[in-house]
Amino acid sequence: MKKLLVELKTSIVATLVIAVIVCGAYPVAVLAVAQGVFPEKANGSLIVANGTTVGASLLGQSFTQASYFHPRPSAAGTGYDATASGGSNLGPTSRKLVETVRDRVAQYRAENGLAPDALVPADAVTASASGLDPDISVKNALFQAARVAKARGWEKASVEELLRKHTQGRTFGLLGEPRVNVLQLNLALDALGRNGK
Amino acid sequence: MNISGWIQLALFTGVLLAVTKPMGLYLVQVLDANGTTFMDPVVKPLERFIYCLCGVNPAREQDWKQYALSLALFSLAGMLFTYAILRLQHLLPFNPRQLGALTPDLAFNTAASFTTNTNWQSYAGEATMSYFSQMVALTFHNFMSAAAGIAVAAVLVRGVARQGVQTLGNFWADIVRLTLYLLLPLSLVFALFLVSQGMIQNFHDFTTATPVEMKAGVDGAAPQVIAQGPMASQVAIKMIGTNGGGFTNANAAHPYENPTPLSNFLQMLSIFLIPSGLTYYLGRMVKNQRHGWTVWAAMALVFLAGVTVCWWAESAGNPRIAALGVDAADGNMEGKEVRFGIFNSALFATVTTDASCGAVNAMHDSFTPLGGLVPLVNIELGEIIFGGVGSGLYGMMVFIILTVFLAGLMVGRTPEYLGKKIESGEVKLAVLFVMAAVLSVLGFTGWACVTAWGQAGLANTGPHGFSEMLYAYSSGTGNNGSAFAGLTANTPWYNTTLGFAMLFGRFLMLLPLLPLAGSLARKKIVPVSGGTFPVHGVTFALLLVATIVIVGALTFFPALALGPIVEHFIMTGSAALY
């Protein structure tokens, strides 16, 4: 019995001592170095324009206007809610999944002036895992380029050129997938002004 | 399936192979109370100071009963510590969103979940947990459950390596050394790397952004509130310790929690780093390095088979979606991120369930039936393909004991493992280990199926709904923590039953191992003779894989047939929708 009490005391003391190290000193040390060396990233890669925070370069946000590239459908809250990340969690034989995708396909074709039997890029009509996916596929962006150019009264070529500049390849040519960051591309569109020059 | 994916798979496997030996050699030093490492000048004084504060003599070794008692009491203290913090969250600091206390059932479920290295989450991180709860209540177990798992694996290895002794090491020395020399330094470096990729680490309140369209005055555009917090310090150990509990609800799919393909690659690698090193540690300790590598190869074989099936299924996609005019060449992108694509989502899903990690970078619930079958089967095989830190190796050693037992039966000799006779006592304890998982998974799933509370939680119906329940109790019992996340598990019934499934899965499986280790340590080592069954080489590796697959298949095939398998045939062969 006495031995049990000694072990119990050791357990409690060890819990507290270890907590001070791994729950106190450790995160604070990471915080101190992170804030010192990578302050912009440690604070969320926020994009500030004219004193206003317009978003984070790593997080997607909603775009609905024809003059902007559109991000993927989002299941986070009512769409791109960065306090409620998550996917749709609809399974492959879900009626809701099939009906939702059918509507999105029709909308995507209509918005971008595609033929009624045109194949639509999968990422354009499916919800991402996080609901905050900042990227779209290159194929998806190319389908949208004509619409964006028309809405802005630009040459399609100047939109496509900007798109090429904002296309990220695989890391080291190896890892991940090629992609386009929607928010950064749209900010670049706005930065170019009225005629795209 | 494309060339790029094959190259990434070869690179991943190659790097894993390359880090195995250095990690194994380092583990040998860390798991020896008298071991030396390059960090001794800095860390040794701290180590001594902790022993002094706790009143522990690291040189005094324990027998299996004392070791088990220390482990059980330490786990209990930690679980109560976490429960108390979660229940008192509203009174504690670092809570800028003024989040309230967790309900008793959710606090119990979460405390059980993190204590058992499961990290099942019935809650959404950013909407439920204060920064203090994340950093203290949860991160504590990310370290300690990992250290305890590795300690038990080391005890079992010592049981095989030693002879004619009662003692197996000192629990306190093991966990303190594992924390100070292994987990903490690795986490520090990895956390800073993750911040360099874009992961957040701050104590700020949530940021309110004015999105571009709102600034432009578009009707209906609303502010975007962005969750913040001390994420990197927690995520680093979440991967290295194969815990898997996300800082945010979307876990490693959230762009802050896994910003780039490079962070993704290293997060996957960090899951396998210690488990892979432990196979080398095993070989080194039992003085049979070929045995260590054979175990590694058996694991790699099942791993590669799993990745290939999952990747193929997700690339093939969902014919129902293709029929709507969606490009079939893109594969199944529902619930996946563009920067990871099909291949890295399939690889992550396989890695996280081969190990007992449970972090996800894609939503398993939206995988195709066969794509989702792979993670489910991985969990049900016992997460021994590299496996959780420590739990992977000790689970694998149970299967090794079963394998040599079966081989002994086939040739009519007394089975032995590395010179230790395997007798009825050892086999009974090994079978107890396997049976505990089976009873918990199938028992709880069956119960949930026939009750109103079980069905009420489903997001999908039909066979997929059954898969959601089967996955939940497999993940809980297997201490994985990933989910078919459509399931609404934050109800008193689910929280309580899953809480017990996690506790059964950890302690009913871990505790039989300690008497097993004790019994092995007492035995004399029989010299190798012509009749000794070799535990290295291709024959043994294949026999081991076959044992794992047969035990797993016989146990879970009927349940899998009702879930993902039938759903696959419905998806490809009919028009039925649920």
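Residues numbered from 1 in each chain as written. Chains lettered and ligands numbered in written order. Predicted model: local features only at pLDDT ≥ 70, side-chain atom pairs only at ≥ 80, totals over all residues. Heavy atoms only, no water.

### As for the pairing of strand 2 (residues 52-56) of chain A
Residues and elements named next belong to chain A.
Next up, step 1: In terms of burial, strand 2 is largely enclosed, as 4 of its 5 residues are buried.
Next up, step 2: Looking at chain direction, strand 1 (residues 46-49) and strand 2 are connected through 4 bridges and run antiparallel. The partner of V48 across the bridge, within strand 2, is T53.
Next up, step 3: Joining the antiparallel neighbours strand 1 and strand 2 is a turn of 2 residues, in which N50 adopts a positive phi near 50 degrees. (Buried < 20%, exposed > 50% of the residue type's maximum accessible area, 1.4 Å probe, protein only. Helix = DSSP H or I, 4+ residues; strand = E, 2+ residues; numbered from the N terminus. Pairing = 2+ DSSP bridges.)

### What about helix 7 (residues 171-197) of chain B?
Residues and elements named next belong to chain B.
Next up, step 1: Along its 27 residues, helix 7 runs 37 Å from first to last C-alpha, staying within 8% of the 39 Å computed at 1.5 Å per residue.
Next up, step 2: T179 marks the point of greatest bend in helix 7, at about 40 degrees.
Next up, step 3: Within helix 7, 21 of the 27 residues are buried, which leaves the element mostly enclosed by the surrounding structure.
Next up, step 4: Of the residues that open helix 7, the one with a side-chain oxygen 2.8 Å from the backbone nitrogen of W172 is N170.
Next up, step 5: Looking at the residues trailing helix 7, positive phi occurs at G198, about 125 degrees. (Expected span 1.5 Å × (residues − 1). Bend = angle between axes of the 7 residues up to and from the residue. Polar contact = N/O pair within 3.5 Å; in protein donor to acceptor, adjacent residues only side chain to side chain.)

### Remarks on the domain arrangement of chain A
Bring the parts together and some accessible area is lost; that lost area is often taken as the interface size.
Next up, step 1: Each domain of chain A was delimited in the assignment, giving domain 1 (1-43) and domain 2 (45-192).
Next up, step 2: The gap between the C-alpha centroids of domain 1 of chain A and domain 2 of chain A is 41 Å. (Domains from an automatic or database assignment.)

### What to know about the interface of chain B and chain A
Next up, step 1: With 109 residues of chain B at the interface, the matching set in chain A holds 102 residues.
Next up, step 2: Together, the buried faces of chain B and chain A total about 8400 Å²; carbon and sulfur atoms form 66% of this surface.
Next up, step 3: It is B:V212, B:E334 and B:V338 in chain B that bury the most area against chain A; as a group they hold 8% of the surface buried on that side.
Next up, step 4: Ionic pairing is found between A:K139 and B:D330, a salt bridge with its closest N-O pair at 2.7 Å.
Next up, step 5: Viewed at the interface, chain A and chain B are joined by 44 residue pairs in polar contact (both at pLDDT 80 or more).
Next up, step 6: Among the residues making up the side of chain B that touches chain A, the classes are represented as 61 nonpolar, 35 polar and 13 charged. (Contact = heavy atoms within 4.5 Å. Buried area = accessible area lost by both parts, 1.4 Å probe. Salt bridge = Lys/Arg side-chain N within 4 Å of Asp/Glu carboxyl O. Nonpolar A, V, L, I, M, F, W, Y, C, P; charged D, E, K, R; others polar.)

### Comments concerning the pattern of salt bridges
Next up, step 1: Scanning the model with the defined rule gives 17 salt bridges over all chains in all.
Next up, step 2: Among the ionic pairs, B:R177 bridges to B:E47, the shortest N-O distance being 3.3 Å. Here B:R177, found in helix 7, pairs with B:E47, found in helix 2 (residues 40-54); they are 130 residues apart in sequence, far enough to count as distant.
Next up, step 3: The residue B:K238 makes a salt bridge to B:E257 at a minimum N-O spacing of 2.7 Å. In this pair, B:K238 sits in helix 9 (residues 231-240) while B:E257 sits in the loop between helix 9 and helix 10 (261-285), placing the two residues 19 residues apart along the sequence.
Next up, step 4: Among the residues examined, B:K238 registers a relative accessible area of 0% and is labelled buried.
Next up, step 5: In the salt-bridge network here, residues are joined through shared partners; they are A:K139, B:D327 and B:D330.

### Thoughts on empty space enclosed by the protein
Residue and element names in this part refer to chain B.
Next up, step 1: A complete count under the given rule lists 6 cavities of 30 Å³ or more for this structure.
Next up, step 2: Taken together, 29 residues form the lining of the largest cavity, with G382, E383, A437, G478 and M509 sitting closest to its centre.
Next up, step 3: Of all the secondary-structure elements, those providing two or more residues to the lining of the largest cavity are helix 14 (369-380), helix 15 (391-411), helix 16 (424-449), helix 18 (463-477), helix 19 (492-510) and helix 21 (538-573).
Next up, step 4: Broken down by class, the residue content of the lining of the largest cavity amounts to 13 nonpolar, 13 polar and 3 charged.
Next up, step 5: Taken as a whole, the second largest cavity holds about 110 Å³ of empty space. (1 Å grid on protein atoms, 1.4 Å probe; cavity = no way out; pocket = protein on both sides within 12 Å on 5 of 7 lines; lining within 4 Å. Points joined across faces, edges and corners; volume = space filled by probe spheres on them.)

### So, a nonpolar patch on the surface
Next up, step 1: Together, A:M1, A:L4, A:L5, A:L8, A:I12, A:L16 and B:L69 make up a nonpolar patch on the protein surface, roughly 650 Å² of accessible area in all.
Next up, step 2: When residues of the nonpolar patch are assigned to their parent elements, the largest contribution, 5 residues, is made by helix 1 (residues 2-37) of chain A.
Next up, step 3: Within the fold, A:L4 resides in helix 1.
Next up, step 4: Residue A:L4 is classed as partly exposed on the basis of its relative accessible area, which comes to 36%. (Patch = residues over 30% accessible without salt bridge, like charges linked within 9 Å, V, L, I, M, F, W, Y side chains within 5 Å. Areas by Shrake-Rupley, 256 points an atom, 1.4 Å probe, with all protein chains shown as cover.)

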